[in-house]
Amino acid sequence: MRQATTFLLNPNSGYMRLRSIPPSLPRHARIPASFRSFSIDSNGFPSHSCRTSSHAAINSQSNPTDRGLLLPSSSASFSTSSQRSDPSDWDANPDLSISAFSELPSKDFGVNQHMIINQEFKEALRQILWQFRAPIRYAFAYGSGVFQQTGSAPGSNQCHPSAPAAIKNMQQGQGKMIDFIFGVSYSQHWHSLNLGQHRDHYSGLGSMGSYMVSQVQDKIGAGVYFNPYITVNGTLIKYGVVNLDTLCRDLSQWDTLYLAGRLQKPVKILRDHPKVRLANQINLLSAVRVALLLLPAEFTEFQLYSTIAGMSYMGDLRMALPAEDPRKVNNIVSSQMANFRRLYAPLIENLPNVTFNDRRCTEGDWIDDPDANVRLTQDMDPVKRGNMVCRLPESFREKLYFQYQTRYQIPRAEFNKMMKESNDADSDLVRRRQGGPFEQRIADDKDLTKEVQATISKTIRWPSTVQSAKGLLTSGIGRTWRYLREKQDKYKKSGKKASTSSDTPDKESKQD
């Protein structure tokens with residue numbers, strides 16, 4: 001029988017513990033009174049609370065300014081009338097029209113998305129946002145300028161003209177451009193205000209006005225408008241602007257996986273928004289499900305996180321050109337195991353068909369150990385895997401179905417009739433998003449991994465290629481050439497670094 005596992009935060013140490021608890025005990029009896037949970041303030045950030053909770057809590061570092069962040073189980077109960085009455089279906093029937101954190105499925109829902117970083121560095125990043133008068137509703141910083149990546153090419157100490165000390169200290173003199181994504185309510189209005197304040201951030205396209213800028217943003221590529229090589233507060237940054245509706249659609253349906261892929265890796269959220277948090281929790285859960293479809297019955301944490309991190313690079317044109325480090329995924333995951341665990345461990349624990357299965361998990365400190373690489377097992381039963389197929393993001397699932405319709409040579413009319421009859425006959429299964437015979441057949445296919453990879457590539461290839469080409473318009477020829485040249489330099493440096501350290505095993509080989 002599988003043991004229940006609860007993530008808890010010890011307020012005395014500030015460290016996360018994964019405790020295996022005998023399932024025979026009632027849930028309220030499993031939680032020591034000395035453990036506390038943390039609630040969310042009106043701005044969507046953690047605030048201290050003294051109530052006892054059985055909710056899953058992740059805190060990979062001790063930091064008095066960034067308290068432990070909680071993720072409830074899908075069966076958690078609710079205390080306010082404004083919250084949804086059926087929390088268990090939050091991923092099946094999400095309400096992405098919400099505008100307040102109180103409308104999320106639970107009080108502490110999804111705050112596993114908040115990574116812990118140095119407090120001074122975080123405030124320096126937030127100060128950059130305050131230099132924009134146009135309203136930014138959601139924002140995160142990401143990439144090697146925020147999270148160190150093992151083996152990545154070094155930056156330049158001349159990168160930032162006069163960055164705050166916190167940024168210089170965090171980057172340890174190896175200055176790297178800091179990447180941001182800004183989520184905005186109305187693209188044209190935002191660019192109109194920003195053009196008035198920061199006309200120098202834009203290429204010649206900006207002279208054509210906010211309408212043209214917003215049309216290029218929304219109609220071409222993945223719906224993001226990037227301004228690279230911008231100096232704000234003495235710090236070199238690149239920022240991308242995206243409409244909140246576009247962002248939430250990609251997170252929940254995987255239209256392009258362009259932004260969803262970025263948020264499947266650790267990022268530092270600087271301004272939160274309830275509907276983005278809800279959509280991103282769906283995105284993270286979908287990433288775990290797809291990774292499980294790609295993995296064997298037994299695998300390691302490193303394999304799981306590498307599979308998730310690598311999905312957004314499948315089909316990306318840059319990976320086929322000498323413009324990206326081929327070991328990028330390994331570099332990202334190797335240096336951020338604790339952050340990936342913070343993102344995904346509570347979700348893994350709440351899925352019925354996958355579990356941690358390693359003696360290392362019986363030791364109290366493994367959850368805090370960035371060098372830990374425990375093993376997991378999943379149930380390969382076609383019924384349970386068919387349920388995962390049925391619960392994939394809508395746009396992505398349709399592409400996968402089309403793959404199999406072509407593979408099995410099912411005429412379109414017959415396929416549509418089969419799907420309709422299945423929906424009519426098994427309305428209860430559809431409502432609960434449980435797979436039928438077609439999904440189970442897909443789940444049991446020996447070539448499922450290849451088909452899923454092909455679907456990921458098809459989802460990503462066109463929008464990412466067009467988005468890259470759009471850089472000529474949005475960034476201008478000069479900045480685009482600078483970007484490509486720096487990418488090629490990093491590629492060459494990473495190759496030299498990889499060749500000199502070829503005798504050093506990576507995290508996966510060290511743990512095996």
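Residues numbered from 1 in each chain as written. Predicted model: local features only at pLDDT ≥ 70, side-chain atom pairs only at ≥ 80, totals over all residues. Heavy atoms only, no water.

**Q** Explanation requested: the sheet that holds strand E13 (residues 354-356) in the structure shown.
**A** Whether parallel or antiparallel, the strands of a sheet pair through hydrogen bonds between backbone atoms. Taken together, three strands build an open sheet; the order of strands is E12-E14-E13 and the sheet is antiparallel. Strands with a single pairing partner mark the edges of an open sheet, and in this sheet they are strand E12 (298-300) and E13. Within the sheet, the average angular offset between the axes of one strand and its neighbour, ignoring direction, is 30 degrees. In the sheet, E13 pairs with strand E14 (residues 375-378) via three bridges, with the strands oriented antiparallel. Of the residues in E14, the one forming a bridge with Thr355 is Thr377. Packing of helix H8 (residues 301-311) onto the sheet brings it into contact with E12, E13 and E14, and relative to E12 it is tilted by some 80 degrees. (Pairing = 2+ DSSP bridges. Helix = DSSP H or I, 4+ residues; strand = E, 2+ residues; numbered from the N terminus. Axes fitted to C-alpha atoms, helices over the stretch in contact; angles between N-to-C directions. Contact = heavy atoms within 4.5 Å.)

**Q** Where do I start with the environment of Met380 in this structure?
**A** With respect to the helices and strands, the residue Met380 is situated in the loop between E14 and helix H12 (382-390). Setting aside residues no more than four positions away along its own chain, Met380 makes contact with Leu295, Pro296, Ala297 and Arg385.

**Q** What should I look at first to understand helix H1 (residues 119-129) in this one?
**A** Because an α-helix packs 3.6 residues into every turn, residues spaced three or four apart end up facing the same way. Phe121, Lys122, Ala124, Leu125, Ile128 and Leu129 are the residues of H1 that are buried. One side of H1 holds all its buried residues, which, seen down the axis, span an arc of 160 degrees. On its buried side, H1 packs onto strand E7 (138-142), helix H2 (165-170), strand E8 (178-184), strand E9 (224-232), strand E10 (235-243) and strand E11 (268-271). Of the residues that open H1, the one with a side-chain oxygen 3.0 Å from the backbone nitrogen of Glu120 is Asn118. (Buried < 20%, exposed > 50% of the residue type's maximum accessible area, 1.4 Å probe, protein only. Arc of directions from axis to C-beta. Polar contact = N/O pair within 3.5 Å; in protein donor to acceptor, adjacent residues only side chain to side chain.)

**Q** Would you mind showing me how to read the pattern of salt bridges here?
**A** Pairs may arise between side chains of opposite charge once their charged atoms sit close together. For the coordinates displayed, the defined rule picks out 13 salt bridges. For Arg341, the salt bridge identified is with Glu301, shortest N-O distance 2.9 Å. Note that Arg341 is positioned in helix H11 (residues 337-350) and Glu301 in helix H8, a separation of 40 residues in sequence. We classify Arg341 as buried; its relative accessible area is 0%. Looking at Glu301, the relative accessible area reads 0%, which means it is buried. Members of the salt-bridge network, linked through shared partners, are Arg407, Asp445, Lys446, Asp447 and Glu451. (Salt bridge = Lys/Arg side-chain N within 4 Å of Asp/Glu carboxyl O.)

**Q** Explain the side chain of Gln171 here, please?
**A** Looking at the secondary structure, you find Gln171 in the loop between H2 and E8. Within the local environment of Gln171, its side chain forms a polar contact with the backbone oxygen of Gly145, the two atoms lying 3.0 Å apart. Of the polar contacts made by the side chain of Gln171, one reaches the backbone nitrogen of Lys176; its length is 2.8 Å. Setting aside residues up to four positions removed in sequence, Gln171 forms contacts with Gly145, His160, Lys176 and Ile178.

**Q** Would you take a moment to explain the pairing of E8 for this structure?
**A** Residues in a regular strand point their side chains to alternate faces of the sheet. Where burial is concerned, most of E8 is hidden: seven out of the seven residues are buried. For E7 and E8, the ladder comprises five bridges, and the chain directions are antiparallel. Counted as the bridge partner of Phe140 is Ile181 from E8. Pairing geometry for E8 and E10, over seven bridges, is parallel. Counterpart to Phe182 in the pairing with E10 is Val241.

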